[in-house]
Protein chains: 2
Amino acid sequence: MHEDPTVGELSEGEILRRILERTGRASAGLLGPGDDAAVVAVSSGAVVATTDTLVHGPDFRLAWSSGYDLGWKSAAVNLADVAAMGARPTALLVALAMPNDTRVSFVEALADGLRDACDALAPGCAVVGGDLTASDTLTIAVTALGDLDGRAPVTRSGARAGDVVAIAGELGRAASGLAVLFDRFRDPDGVPVPVDPARLRPGDVGALEAQLRPVPPIGLGPFAALAGATAMMDVSDGLALDARRMADASAVSIDIDPLALGDDPASALEGGEDHALLATFRKEPLPSGFRVIGRAVERGDAPVLVGGRPYGGPGGWDPYRDWDASGG
Amino acid sequence: MHEDPTVGELSEGEILRRILERTGRASAGLLGPGDDAAVVAVSSGAVVATTDTLVHGPDFRLAWSSGYDLGWKSAAVNLADVAAMGARPTALLVALAMPNDTRVSFVEALADGLRDACDALAPGCAVVGGDLTASDTLTIAVTALGDLDGRAPVTRSGARAGDVVAIAGELGRAASGLAVLFDRFRDPDGVPVPVDPARLRPGDVGALEAQLRPVPPIGLGPFAALAGATAMMDVSDGLALDARRMADASAVSIDIDPLALGDDPASALEGGEDHALLATFRKEPLPSGFRVIGRAVERGDAPVLVGGRPYGGPGGWDPYRDWDASGG
């Protein structure tokens, strides 16, 4: 056997063993991997649950993302959804569907990325269960669970006119990273090629890291809830689109100050995948880590305003509308 | 627009709306779909969580399975894993990755199947969240949550020598259904073709239903836990393989009585996907719905015995070892 075998050459049990020796055991897991289901401790009468999938093609390219990157990102995007409810992530379940020619070293790196993202972004959270399946398309479907520690969840619908609108985390950096990849690391036919470090410019590394291994402010989710956040959500599809969703759910309009969006307001408004936390608070001062970007106002014709004027930009990413399997 | 549009012609929001108007709202969901994460009620200090994925190719063929079948089966196989812990299923999260040319009517039927399986197999359980992604390979990744209602989970490791080994549900029927499909509903090149009702023989309908829309005994999971089950698991990969897993986890051997396996013991031992419940109890009488199929004995060289003799059959299905993308 090749010293780095493919998953098709190994049994399911052997692949699983190699994953589990990396992901370890959840501190929050009363019963971890190895049975029909995991059992996760819950401190109060509710559990927060969310699922988000990364699919080869629309969500990532193997020329650009390592196994480690994909493990990290698939954890991070789900942890961010838990944090956006004001909850503390406690456990991940990971369903991996992989082509038979996937190298086991790739799967091991993916497991390392999952573990390291949990350790760095949500200490105490770990992989407690999962599923392995063969597929023609590499697919990583993660479910994250979280604990509200007795608090009410912070939904999208609690913003009221007069609330301060705030952000924790980056805006537009992940999209800049994606632009670096699309603009400079494809061959003449548009096919992705690996990143050549010699061709990176100042700022590229940070942008690529934001795209490939995002570091959303997970710990600030429960922190914002304790500080009285009235509404909160994860900015995954761009600030303009996600602010519109919050405005619609809360029956307010959200007026964003363009001067609060840094030196590239257009990227900050339209760029997706940063997984910043968008939250509203009754008043300042804000909990540390959050910065003011605008204000909720009485509901008007436009759900989102920028500098007091209705925002008419394209408004973010839709996987069905925007992805063309034949491109890129 | 075509009156049955593809998912690529609609926005993510519109596809989601059509799914949610079918799956409805979870009674156990304190907060259902529409926010970053769902919030599910938990009656005690723990939640049971499991994930299982159906992938086009290794797990199903669209010539044989309707959208409704796939919704039903993807719910049923996950509900069975929750029940096998002795827990009551409370919520499903559904990650759908679909080609852009998938018809919306197919997605709607899938949502109907998810809802109907919950209503029929686990009343009170419903879809509380999910994710939509574009993919070249139709993939349905479901996570199920469950409530132990204050009981300890029933694991695979609690069987002791002398325990009665019992089954609730079918053995070998789903595999018979798969054999009907593979043997009689493929064209000369081995490509699946739709089932022609005129070519069905007596017994085929029940076998096909067991394969395509399994009805595992979900309610008997918590019931067995209350009745003192010492170990329990879902038989998804065939009795021989799954009994070996229980025997290994419990450090016993399991001696199966071939006369208890019906008129086709080989199918009962090797056929997968029935999602029967395999459980052990200290003594008879068993809770209704379970029947004796053997006994746990002191651990010997062979983890599984049949009629007192070591079992040397192939031992069940492994997706990486057994699936050949080029076949069937």
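Model, not experiment: these values are computed from the prediction. (Residues numbered from 1 in each chain as written. Chains lettered and ligands numbered in written order. Predicted model: local features only at pLDDT ≥ 70, side-chain atom pairs only at ≥ 80, totals over all residues. Heavy atoms only, no water.)

A. Representation of the overall build of chain A. What chain A contains, in helices and strands, is nine helices and 13 strands. Expected size for 328 residues packed as a compact globule is a radius of gyration near 20 Å; at 20 Å, chain A falls within 12% of this value. Across the 328 residues of chain A, 58% fall into the buried class. Nonlocal contacts in chain A, meaning residues at least 24 apart in sequence, comprise 85% of its contacts between residues at least 6 apart. Of the roughly 12300 Å² that chain A leaves accessible, carbon and sulfur atoms contribute 52%. (Helix = DSSP H or I, 4+ residues; strand = E, 2+ residues; numbered from the N terminus. Rg over C-alpha atoms; globule rule 2.2 N^0.38 Å. Buried < 20%, exposed > 50% of the residue type's maximum accessible area, 1.4 Å probe, protein only. Contact = heavy atoms within 4.5 Å. Areas by Shrake-Rupley, 256 points an atom, 1.4 Å probe, with all protein chains shown as cover.)

B. Spatial organisation of the state of the cysteines. Under the defined criterion, the tally for this structure stands at zero disulfides over all chains. Its sulfur unpaired, A:Cys118 is 4.1 Å from the next cysteine sulfur, which belongs to A:Cys125. (Disulfide = S-S within 2.5 Å.)

C. Structural view of the sheet that holds strand β11 (residues 291-298) of chain A. Residues and elements named next belong to chain A. Taken in spatial order, the seven strands make up an open sheet running β8-β10-β7-β11-β9-β12-β13, and their pairing is mixed. Of all the strands in the sheet, just β8 (231-235) and β13 (309-310) have a single pairing partner and so form its edges. Pairing of strand β7 (residues 164-168) with strand β10 (residues 276-281), which is carried by five bridges, proceeds in the antiparallel orientation. Its bridge partner being in β10, Ala168 is matched across the sheet by Leu277. (Pairing = 2+ DSSP bridges.)

D. Expanded view of helix α2 (residues 67-83) of chain B. Its 17 residues give α2(B) an end-to-end C-alpha distance of 24 Å, which sits within 8% of 24 Å, the value for a rise of 1.5 Å per residue. Burial analysis of α2(B) places 16 of its 17 residues in the buried class, the great majority of the element. (Expected span 1.5 Å × (residues − 1).)

E. Representation of the sheet that holds strand β13 (residues 309-310) of chain B. Residues and elements named next belong to chain B. What the seven strands build is an open sheet, ordered β8-β10-β7-β11-β9-β12-β13; its pairing is mixed. The open sheet has two free edges, formed respectively by β8 (231-235) and β13, since each of these has just one partner strand. As defined by bridge partners, strand β12 (residues 304-306) adjoins β13 across two bridges and the pair is classed as antiparallel. The partner of Val306 across the bridge, within β13, is Arg309.

F. Examining the pairing of β8(B) more closely. All names here are of chain B. The buried fraction of β8 is high, at five of five residues. Relative to strand β10 (residues 276-281), β8 runs antiparallel, the two sharing five bridges. Its bridge partner being in β10, Met232 is matched across the sheet by Ala279.

G. Highlighting the domain arrangement of chain A. Residues and elements named next belong to chain A. As assigned here, chain A comprises domain 1 (7-147) and domain 2 (164-314). Between the C-alpha centres of domain 1 and domain 2 there is a distance of 25 Å. Taken together, the two surfaces of domain 1 and domain 2 that pack against each other cover about 1900 Å², and 68% of this comes from carbon and sulfur. By the criterion of area lost to domain 2, the three top residues of domain 1 are Trp64, Lys73 and Leu121, representing 36% of everything that side buries. The tally of links from domain 1 across to domain 2 stands at two salt bridges. Its salt-bridge partner being Lys73, residue Glu273 comes within 2.7 Å of it at the nearest N-O pair. Sorting the residues of the side of domain 1 that touches domain 2 by element identifies α2 (67-83) and β4 (88-98) as the ones contributing at least two each. If you tally residues by element for the side of domain 1 that touches domain 2, the top one is α2, at ten residues. (Domains from an automatic or database assignment. Buried area = accessible area lost by both parts, 1.4 Å probe. Salt bridge = Lys/Arg side-chain N within 4 Å of Asp/Glu carboxyl O.)

H. Summary view of the packing of helix α1 (residues 12-23) of chain B against helix α3 (residues 104-121) of chain B. Residues and elements named next belong to chain B. Two numbers describe how α1 lies on α3: the axes approach to 8 Å, and their chain directions differ by 30°. Looking at the two axes, α1 sits roughly parallel to α3. The hand of the α1/α3 crossing is right-handed. Contacts from Ile15, Arg18, Ile19, Arg22 and Thr23 of α1 reach α3 at Val104, Val107, Glu108, Ala111, Asp112 and Arg115. Here the contact of α1 with α3 is built from residues that sort into five nonpolar, one polar and five charged. (Axes fitted to C-alpha atoms, helices over the stretch in contact; angles between N-to-C directions. Parallel < 35°, antiparallel > 145°, perpendicular 65-115°, else oblique. Left-handed = near helix turned anticlockwise from the far one by under 90°. Nonpolar A, V, L, I, M, F, W, Y, C, P; charged D, E, K, R; others polar.)

I. Seen up close, helix α7 (residues 239-250) of chain B. Between its terminal C-alpha atoms α7(B) stretches 16 Å, which fits the 16 Å expected from twelve residues at 1.5 Å a residue. Taken together, the buried positions of α7(B) are occupied by B:Leu239, B:Ala240, B:Leu241, B:Asp242, B:Ala243, B:Met246, B:Ala247 and B:Ser250.

J. Fine view of the pattern of salt bridges. All names here are of chain A. Inspection of every chain in the model, using the stated rule, returns 44 salt bridges over all chains. In this structure, Arg299 and Asp248 form a salt bridge, with 2.9 Å as the shortest nitrogen-oxygen distance. Of this pair, Arg299 sits in the loop between β11 and β12 (304-306) while Asp248 sits in helix α7 (residues 239-250), placing them 51 residues apart in sequence. The partly exposed category is assigned to Arg299, whose relative accessible area is 38%. Because the salt bridges share partners, they merge into one network encompassing Glu14, Arg17, Arg18, Glu21, Arg22, Glu108, Asp112, Arg115 and Asp116.

K. Geometry of the packing of aromatic side chains. All names here are of chain B. Enumeration according to the criterion identifies six aromatic pairs over all chains in this entry. Their ring planes at 65° and their centres at 5.2 Å tell us that Trp64 and Phe182 sit as a pair that is edge-to-face. With Trp64 in the loop between β3 (46-55) and α2 and Phe182 in helix α4 (residues 173-184), this residue pair connects regions lying 118 residues apart in the sequence. Geometrically, the ring pair formed by Tyr68 and Trp72 is tilted, given 6.4 Å between the ring centres and 35° between the ring planes. Of the two residues, Tyr68 and Trp72 are both situated in helix α2; the distance of four residues between them amounts to about one turn of the helix. (Phe/Tyr/Trp six-rings, centres within 6.5 Å; stacked < 30°, edge-to-face > 60°.)

L. Fine view of the interface of chain B and chain A. Taken together, the contact pairs 66 residues of chain B with 66 residues of chain A. Counting the surface lost from both chain B and chain A, the interface buries some 4900 Å², and carbon and sulfur atoms represent 56% of this. Along the contact surface separating chain B from chain A lie four salt bridges. A salt bridge links B:Arg156 to A:Asp36; the nearest nitrogen and oxygen atoms lie 3.5 Å apart. Where chain B packs against chain A, one counts 17 residue pairs in polar contact (both at pLDDT 80 or more). Taken together, the residues of the side of chain B that touches chain A break down into 38 nonpolar, 17 polar and eleven charged. Note: strand β2 (residues 38-41) of chain A against β3(B), four bridges, orientation antiparallel. Pairing of A:Val40 across the sheet is with B:Val47, part of β3(B). (Polar contact = N/O pair within 3.5 Å; in protein donor to acceptor, adjacent residues only side chain to side chain.)

M. Expanded view of the relation of the copies chain B and chain A. Overlaying chain B on chain A yields an RMSD of 0.0 Å, the required transformation being a rotation through 180° with an accompanying axial translation of 0.0 Å. The operation mapping one copy onto its partner corresponds to a two-fold rotation axis. Across chain B, the smallest distance between a C-alpha and the rotation axis is recorded for B:Thr137, namely 3.0 Å. Both copies share a contact surface, since 100% of the interface residues of chain B are interface residues in chain A too. (Least-squares fit on C-alpha atoms with pLDDT ≥ 70 in both.)

N. Structural context of the environment of A:Ser288. All names here are of chain A. Checked against the element boundaries, Ser288 lands in the loop between β10 and β11. Along the primary structure Ser288 and Ala227 are separated by 61 residues, whereas in three dimensions their C-alpha atoms are 9.8 Å apart. Ignoring sequence-local partners within four residues, the contact set of Ser288 consists of Leu220 and Phe223.

O. Just the UniProt feature "domain: PurM-like N-terminal" (unreviewed entry) in chain A, in detail. Within this structure's numbering, the places UniProt gives as "domain: PurM-like N-terminal" (unreviewed entry) are residues 34-146 of chain A. Taken end to end, residues 34-146 of chain A is 31% helix and 37% strand, and its two terminal C-alpha atoms sit 21 Å from one another. (UniProt positions renumbered as here; feature names shortened; annotations may be inferred.)

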